[in-house]
Amino acid sequence: MAHTPVNHPARPIYRAIGGLVGLYFLAFGVLGLVASAGNDILAQDDTKVLGQGTNLGFSLLSLVLGVAILTGTVIGRNLDVAINQWLAYALMVLGLAELAFLQTDANVFNFTITTDIVVLTLSMVLLMAGMYGKVGTDEENEAWQKARLVL
């Protein structure tokens, strides 16, 4: 049985929100590539984009994340739900790991506290988009509604 809503009335809005998160990562990645061009891939310097610390490595990762999220959003068919949920969990792990190593040499993606807040916030938004964007059959929706009413 599904633990997330099926055919939520606002699912087109959640899908659009997921797409906007993907656009943000894509734009951040492109701007980060421009700002950190010529630097080492995991440089720990004062490169900032949109007020957030970055380096070539995190800019490339942001670009890949943006493309993956947007691809899932364009394809749909619950692929966007799976991509959004898995990437949201991965971003949470990345954000918490970078938070733990913020003031050390292990800060490989050159995060600042602002970058961490943005990454963790976007991961929560992406998770929300993944949880409420699922499309299913009428039977799946009815089963989910019955299970919800029992709880």
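For the structure, check the block above.
Here, residues in each chain are numbered from 1, in the same order as that chain's written sequence. Where local features are concerned, this predicted model is filtered to residues with pLDDT of at least 70; where side-chain atom pairs are given and counted, the filter is 80 or more; whole-chain, interface and lining totals use all residues. In computing side-chain properties, one takes all heavy atoms of the structure into account and sets aside hydrogens as well as water.

1. Here's the deal with the packing of helix H3 (residues 79–100) against helix H4 (residues 113–132)
Part 1 of the reasoning: Helix axes are fitted to C-alpha atoms over the stretch in contact, other axes to C-alpha atoms as well, and angles between N-to-C directions run from 0 to 180 degrees. For the purposes of this entry, the term helix denotes a DSSP run of H or I that reaches at least four residues, the term strand denotes a run of E that reaches at least two, and both are numbered from the N terminus. Where H3 meets H4, the closest approach of the two axes is 8 Å, and the angle between their N-to-C directions is 155°. By the angle between their directions, the pair H3 and H4 is classed as roughly antiparallel. Viewed along their axes, H3 and H4 form a crossing whose handedness is left-handed. Of the residues in H4, those in contact with Val 81, Asn 84, Gln 85, Leu 87, Ala 88, Tyr 89, Leu 91, Met 92, Gly 95, Leu 96, Glu 98 and Leu 99 of H3 are Ile 113, Asp 116, Val 119, Leu 120, Ser 123, Met 124, Leu 126, Leu 127, Ala 129, Gly 130 and Met 131. Roughly parallel here means an angle under 35 degrees, roughly antiparallel means over 145, roughly perpendicular means 65 to 115, and every remaining angle is called oblique. Whether a crossing is left-handed or right-handed is set by the direction in which the near helix is turned from the far one by less than a right angle, anticlockwise for left-handed and clockwise for right-handed. Working rule for contacts: check all heavy atoms of both residues, and any pair within 4.5 Å makes them a contact.

2. Things to note about unusual backbone geometry
Part 1 of the reasoning: Its identity is not glycine, yet Leu 50 carries a phi of approximately 55°, on the positive side.
Part 2 of the reasoning: Even without being a glycine, Asn 110 presents a positive backbone phi close to 60°.
Part 3 of the reasoning: Relative to the elements of secondary structure, Asn 110 occurs in the loop between H3 and H4.

3. Re the side chain of Gln 52
Part 1 of the reasoning: Among the structural elements, Gln 52 can be located in strand E2 (residues 52–53).
Part 2 of the reasoning: Leave out the neighbours within four places in its chain, and Gln 52 touches Tyr 24, Phe 28, Thr 47, Thr 112, Thr 114, Thr 115 and Val 118.

4. Let's talk about the pattern of salt bridges
Part 1 of the reasoning: Salt bridges are counted wherever a side-chain nitrogen of Lys or Arg sits within 4 Å of a carboxyl oxygen of Asp or Glu. Under the defined criterion, the tally for this structure stands at one salt bridge.
Part 2 of the reasoning: Asp 80 serves as the salt-bridge partner of Arg 15, at 3.8 Å between the closest nitrogen and oxygen. With Arg 15 in helix H1 (residues 11–35) and Asp 80 in helix H3, this pair connects stretches of sequence that are 65 residues apart.
Part 3 of the reasoning: We classify Arg 15 as partly exposed; its relative accessible area is 33%.
Part 4 of the reasoning: By relative accessible area, Asp 80 is classed as buried at 5%. Relative accessibility under 20% of the residue-type maximum defines a buried residue, over 50% an exposed one, and the middle range a partly exposed one, all with a 1.4 Å probe and only protein chains included.

5. Here we look at the packing of H1 against H4
Part 1 of the reasoning: Two elements in contact, H1 and H4, have axes whose closest approach is 8 Å; the angle formed by their N-to-C orientations is 150°. Looking at the two axes, H1 sits roughly antiparallel to H4. Pair H1 / H4 crosses with left-handed handedness. Across from Arg 11, Tyr 14, Ile 17, Gly 18, Val 21, Tyr 24 and Phe 25 in H1, the residues of H4 making contact are Val 118, Leu 122, Val 125, Leu 126, Met 128, Ala 129 and Tyr 132.

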